[in-house]
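# Summary of structural features
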Amino acid sequence: MHADAVVVHDHHGEHDAIDVFGFWLYIMTDCILFGCLFATYLVLNTPHGPALKDYLDLYDVLVETFFLLVSNFTFCLAMLALNQNHVRRVQFWLFITFLLGASFVFLEVKEFIHMAGEGFRWDVSGHASSFFTLVGTHGFHVSCGLIWILFLIIQLPFFKITHIMRRRMTYLGLFWNFLDIVWIFVFTIVYLMGAL
(Lines give C-alpha, C1' and ligand atoms only; values in the text may rest on other atoms or scores of the structure.)
Protein backbone atom coordinates (compact mmCIF):
# COMPACT_ATOMS: atom_id res chain seq x y z
CA MET A 1 0.00 0.00 0.00
CA HIS A 2 1.25 3.46 -0.85
CA ALA A 3 2.50 5.49 2.12
CA ASP A 4 0.32 8.48 1.20
CA ALA A 5 -2.88 6.43 0.89
CA VAL A 6 -5.70 7.57 3.13
CA VAL A 7 -7.53 4.91 5.08
CA VAL A 8 -11.23 5.66 5.33
CA HIS A 9 -13.13 3.96 8.12
CA ASP A 10 -16.84 3.32 7.91
CA HIS A 11 -18.32 4.51 11.19
CA HIS A 12 -21.85 3.66 10.08
CA GLY A 13 -21.94 0.46 12.14
CA GLU A 14 -20.56 2.20 15.22
CA HIS A 15 -23.33 4.81 15.13
CA ASP A 16 -25.97 2.09 14.71
CA ALA A 17 -24.64 0.24 17.76
CA ILE A 18 -24.76 3.43 19.84
CA ASP A 19 -28.29 4.22 18.60
CA VAL A 20 -29.54 0.74 19.42
CA PHE A 21 -27.94 0.86 22.86
CA GLY A 22 -29.52 4.27 23.49
CA PHE A 23 -32.95 3.07 22.44
CA TRP A 24 -32.70 -0.01 24.67
CA LEU A 25 -31.74 2.31 27.55
CA TYR A 26 -34.91 4.27 26.85
CA ILE A 27 -37.00 1.09 26.88
CA MET A 28 -35.37 0.09 30.20
CA THR A 29 -36.23 3.46 31.76
CA ASP A 30 -39.81 2.97 30.60
CA CYS A 31 -39.78 -0.48 32.27
CA ILE A 32 -38.70 1.21 35.50
CA LEU A 33 -41.40 3.86 35.12
CA PHE A 34 -44.16 1.31 34.57
CA GLY A 35 -42.77 -0.94 37.31
CA CYS A 36 -43.08 1.95 39.76
CA LEU A 37 -46.60 2.74 38.56
CA PHE A 38 -47.68 -0.90 38.93
CA ALA A 39 -46.14 -1.05 42.42
CA THR A 40 -47.94 2.15 43.42
CA TYR A 41 -51.22 0.83 42.05
CA LEU A 42 -50.89 -2.43 43.99
CA VAL A 43 -49.87 -0.70 47.24
CA LEU A 44 -52.76 1.76 47.03
CA ASN A 45 -55.30 -0.96 46.20
CA THR A 46 -57.13 -0.65 49.51
CA PRO A 47 -60.81 -0.99 50.47
CA HIS A 48 -61.02 2.76 51.18
CA GLY A 49 -62.92 4.77 48.62
CA PRO A 50 -64.97 3.52 45.66
CA ALA A 51 -64.18 0.07 44.29
CA LEU A 52 -62.88 -0.08 40.73
CA LYS A 53 -64.98 -3.16 39.93
CA ASP A 54 -68.18 -1.13 40.30
CA TYR A 55 -67.14 1.08 37.38
CA LEU A 56 -65.48 -1.39 35.01
CA ASP A 57 -66.92 -2.38 31.67
CA LEU A 58 -64.83 -5.41 30.73
CA TYR A 59 -66.44 -5.65 27.30
CA ASP A 60 -65.06 -2.23 26.30
CA VAL A 61 -61.67 -3.15 27.77
CA LEU A 62 -61.65 -6.36 25.71
CA VAL A 63 -62.38 -4.33 22.58
CA GLU A 64 -59.53 -1.93 23.51
CA THR A 65 -57.24 -4.91 23.99
CA PHE A 66 -58.27 -6.38 20.66
CA PHE A 67 -57.51 -3.10 18.86
CA LEU A 68 -54.07 -2.79 20.43
CA LEU A 69 -53.05 -6.42 19.86
CA VAL A 70 -54.26 -6.39 16.25
CA SER A 71 -52.36 -3.13 15.70
CA ASN A 72 -49.21 -5.02 16.62
CA PHE A 73 -50.00 -7.60 13.94
CA THR A 74 -50.63 -4.91 11.31
CA PHE A 75 -47.33 -3.28 12.27
CA CYS A 76 -45.63 -6.63 11.61
CA LEU A 77 -47.25 -6.60 8.15
CA ALA A 78 -45.79 -3.12 7.62
CA MET A 79 -42.35 -4.49 8.53
CA LEU A 80 -42.80 -7.35 6.04
CA ALA A 81 -43.67 -4.82 3.34
CA LEU A 82 -40.62 -2.78 4.36
CA ASN A 83 -38.39 -5.83 3.91
CA GLN A 84 -39.90 -6.27 0.42
CA ASN A 85 -39.25 -2.58 -0.38
CA HIS A 86 -42.94 -1.73 -1.00
CA VAL A 87 -43.38 1.86 0.15
CA ARG A 88 -47.14 2.03 -0.52
CA ARG A 89 -47.82 -1.22 1.37
CA VAL A 90 -45.73 -0.01 4.30
CA GLN A 91 -47.79 3.20 4.36
CA PHE A 92 -51.04 1.23 4.10
CA TRP A 93 -50.23 -1.06 7.03
CA LEU A 94 -48.90 1.83 9.10
CA PHE A 95 -52.18 3.67 8.45
CA ILE A 96 -54.20 0.63 9.56
CA THR A 97 -51.96 0.40 12.66
CA PHE A 98 -52.61 4.09 13.30
CA LEU A 99 -56.39 3.63 13.03
CA LEU A 100 -56.36 0.69 15.44
CA GLY A 101 -54.13 2.54 17.91
CA ALA A 102 -56.30 5.67 17.67
CA SER A 103 -59.38 3.53 18.33
CA PHE A 104 -57.66 2.17 21.43
CA VAL A 105 -56.91 5.69 22.71
CA PHE A 106 -60.44 6.87 21.88
CA LEU A 107 -62.00 4.02 23.88
CA GLU A 108 -59.63 4.66 26.79
CA VAL A 109 -60.55 8.36 26.91
CA LYS A 110 -64.23 7.41 26.66
CA GLU A 111 -63.75 5.00 29.57
CA PHE A 112 -62.08 7.71 31.68
CA ILE A 113 -64.89 10.19 30.97
CA HIS A 114 -67.54 7.59 31.81
CA MET A 115 -65.82 6.58 35.07
CA ALA A 116 -65.36 10.20 36.13
CA GLY A 117 -69.01 10.90 35.37
CA GLU A 118 -70.04 7.93 37.54
CA GLY A 119 -67.92 9.14 40.47
CA PHE A 120 -64.69 7.19 40.06
CA ARG A 121 -62.36 10.15 39.63
CA TRP A 122 -58.63 10.61 40.24
CA ASP A 123 -59.33 12.75 43.33
CA VAL A 124 -61.55 10.34 45.30
CA SER A 125 -58.84 7.98 46.58
CA GLY A 126 -55.22 7.01 46.23
CA HIS A 127 -56.32 3.85 44.43
CA ALA A 128 -58.32 5.82 41.85
CA SER A 129 -55.43 8.24 41.39
CA SER A 130 -52.97 5.38 40.80
CA PHE A 131 -55.41 3.76 38.35
CA PHE A 132 -55.72 6.89 36.21
CA THR A 133 -51.97 7.53 36.40
CA LEU A 134 -50.99 4.00 35.33
CA VAL A 135 -53.56 3.57 32.57
CA GLY A 136 -53.21 7.21 31.46
CA THR A 137 -49.42 6.93 31.21
CA HIS A 138 -49.81 3.91 28.96
CA GLY A 139 -52.37 5.79 26.85
CA PHE A 140 -49.97 8.74 26.59
CA HIS A 141 -47.25 6.39 25.33
CA VAL A 142 -49.62 4.96 22.72
CA SER A 143 -50.50 8.52 21.65
CA CYS A 144 -46.78 9.29 21.22
CA GLY A 145 -46.46 6.11 19.15
CA LEU A 146 -49.34 7.29 16.96
CA ILE A 147 -47.56 10.59 16.29
CA TRP A 148 -44.41 8.63 15.42
CA ILE A 149 -46.42 6.47 13.00
CA LEU A 150 -47.84 9.58 11.31
CA PHE A 151 -44.35 11.03 10.87
CA LEU A 152 -43.18 7.81 9.23
CA ILE A 153 -46.21 7.68 6.92
CA ILE A 154 -45.42 11.24 5.79
CA GLN A 155 -41.65 10.66 5.50
CA LEU A 156 -41.74 7.40 3.52
CA PRO A 157 -42.65 8.87 0.08
CA PHE A 158 -39.85 11.45 0.40
CA PHE A 159 -37.04 9.40 1.93
CA LYS A 160 -38.05 6.04 0.44
CA ILE A 161 -36.82 2.85 2.08
CA THR A 162 -33.31 3.61 3.24
CA HIS A 163 -31.09 2.34 6.02
CA ILE A 164 -32.29 5.21 8.21
CA MET A 165 -35.99 4.51 7.54
CA ARG A 166 -35.48 0.82 8.32
CA ARG A 167 -33.85 1.78 11.61
CA ARG A 168 -36.71 4.16 12.47
CA MET A 169 -39.25 1.45 11.73
CA THR A 170 -37.30 -1.05 13.84
CA TYR A 171 -37.25 1.32 16.82
CA LEU A 172 -40.95 2.04 16.40
CA GLY A 173 -41.58 -1.71 16.31
CA LEU A 174 -39.68 -2.22 19.56
CA PHE A 175 -41.65 0.62 21.15
CA TRP A 176 -45.01 -0.66 19.86
CA ASN A 177 -44.27 -4.23 21.03
CA PHE A 178 -43.26 -2.87 24.43
CA LEU A 179 -46.60 -1.06 24.73
CA ASP A 180 -48.46 -4.28 23.93
CA ILE A 181 -46.54 -6.15 26.62
CA VAL A 182 -47.25 -3.40 29.16
CA TRP A 183 -50.93 -3.45 28.20
CA ILE A 184 -51.15 -7.20 28.82
CA PHE A 185 -49.94 -6.53 32.38
CA VAL A 186 -52.37 -3.60 32.73
CA PHE A 187 -55.23 -5.73 31.44
CA THR A 188 -54.40 -8.61 33.79
CA ILE A 189 -53.45 -6.75 36.97
CA VAL A 190 -55.72 -3.73 36.75
CA TYR A 191 -58.78 -4.90 34.88
CA LEU A 192 -59.09 -8.65 35.40
CA MET A 193 -57.94 -8.60 39.02
CA GLY A 194 -59.88 -5.36 39.55
CA ALA A 195 -63.09 -7.02 38.39
CA LEU A 196 -62.84 -9.71 41.10
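Look above for the structure.
Note that this is a predicted model, so its numbers are computed, not measured. (Residues numbered from 1 in each chain as written. Predicted model: local features only at pLDDT ≥ 70, side-chain atom pairs only at ≥ 80, totals over all residues. Heavy atoms only, no water.)

## Overview of the side chain of His141
By the secondary structure assignment, His141 is in helix H4 (residues 126-159). A residue is classified by how much of its surface remains accessible, and His141, at 8% relative accessible area, is buried. Among residues more than four places away in sequence, those in contact with His141 are Tyr26, Asp30, Leu33, Phe34, Phe175 and Leu179. (Helix = DSSP H or I, 4+ residues; strand = E, 2+ residues; numbered from the N terminus. Buried < 20%, exposed > 50% of the residue type's maximum accessible area, 1.4 Å probe, protein only. Contact = heavy atoms within 4.5 Å.)

## Quick look at the layout of surface pockets
By volume, the largest pocket amounts to about 180 Å³. Along its surface, the largest pocket is lined by 16 residues, and Asn45, Leu52, His127, Met193 and Gly194 are the ones closest to its centre. Elements with a minimum of two residues in the lining of the largest pocket: helix H1 (12-43) and helix H5 (163-194). At four residues, the largest contribution of residues to the lining of the largest pocket is made by H5. Taken together, the residues that form the lining of the largest pocket break down as 10 nonpolar, five polar and one charged. (1 Å grid on protein atoms, 1.4 Å probe; cavity = no way out; pocket = protein on both sides within 12 Å on 5 of 7 lines; lining within 4 Å. Points joined across faces, edges and corners; volume = space filled by probe spheres on them. Nonpolar A, V, L, I, M, F, W, Y, C, P; charged D, E, K, R; others polar.)

## Topic: the state of the cysteines
Taken as a whole, this structure holds zero disulfides when the rule is applied. In this structure Cys31 is not part of a disulfide, and its nearest cysteine sulfur, from Cys36, lies 11 Å away. Take Cys76: it sits in no disulfide, and the sulfur closest to it among the cysteines is that of Cys31, at 19 Å. You can call Cys76 partly exposed: its relative accessible area is 40%. (Disulfide = S-S within 2.5 Å.)

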